[in-house]
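# Summary of the model geometry
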Amino acid sequence: MRTKWCRAFPGLAEQVVQARHFVAALVAEKGPVDDATLVVSELATNAVRHTLSGAEGGWFLVVVGFGDGFVRIEVVDQGGERVPHLCDVTSQEEGGRGLLLIAACAKDWGVRNWPDGRSVWAELAWEGA
């Protein structure tokens with residue numbers, strides 16, 4: 001990756017908007033702003049709703065990196081019992097459909113586990129290479 005930026009946010013639902021603004025400002029002149037803001041919105045929302053990041057005093061970290069032909073958006077959370085996974089659109093299970101949106105617009109995406117949390121990332125094609 002040629003260039004990387006990151007910013008920590010309090011684990012509050014209203015901080016998802018701030019995360020979108022952060023990513024939009026970085027991607028604005030370089031790439032797919034709509035897809036990038038969708039990705040960070042879904043990942044940050046999941047961090048706040050489904051992990052310890054949403055507990056009192058929690059936080060999440062947004063990392064944006066630019067490589068040759070792609071922008072990578074990663075949200076690091078404080079972990080939790082639920083593992084991010086794709087749901088069948090016909091499933092009665094609540095949640096998981098946001099990851100389907102991410103999978104549809106991303107070149108690639110995945111999950112990395114850390115000792116005290118995890119990160120979920122997506123790579124989007126961009127023309128600023």
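In what follows, the accompanying structure is described.

Conventions we followed
Residue positions are given per chain, counted from 1 along the sequence in the order it is written. With the structure being a predicted model, the display of local features is reserved for residues of pLDDT at least 70 and the display and counting of side-chain atom pairs for 80 or more, all residues being used for whole-chain, interface and lining totals. To get the side-chain values, all heavy atoms of the structure are used, and hydrogens and water are removed first. Secondary structure follows DSSP: runs of H or I at least 4 residues long count as helices, runs of E at least 2 residues long count as strands, and numbering of each begins at the N terminus. Accessible area is worked out with a 1.4 Å probe on protein chains only. A residue is then buried under 20% of its type maximum, exposed over 50%, and partly exposed in between. For this analysis, residues touch if any pair of their heavy atoms sits within 4.5 Å. Strand pairing follows a simple DSSP-based rule, namely that at least 2 bridges must link the two strands.

With respect to the helices and strands, Gln 15 occurs in helix 1 (residues 15-27). Given the relative accessible area of 16%, Gln 15 is considered buried. If we ignore the near neighbours within four places in the chain, the residues touching Gln 15 are Phe 9, Pro 10 and Phe 60.

The subject of this paragraph is the pairing of strand 5 (residues 117-125). With respect to burial, strand 5 is a largely interior element, 8 of its 9 residues being buried. Where strand 3 (residues 70-77) lies against strand 5, 8 bridges are found, and the strand directions are antiparallel. Bridged to Val 75 within strand 5 is Val 120. As paired elements, strand 4 (residues 108-114) and strand 5 share 7 bridges and run antiparallel to each other. By the bridge assignment for strand 5, Val 111 is matched with Val 120. The antiparallel pairing of strand 4 with strand 5 creates a hairpin that spans 2 residues between the two strands.

Remember that the coordinates give geometry; whether it matters functionally is a separate question.
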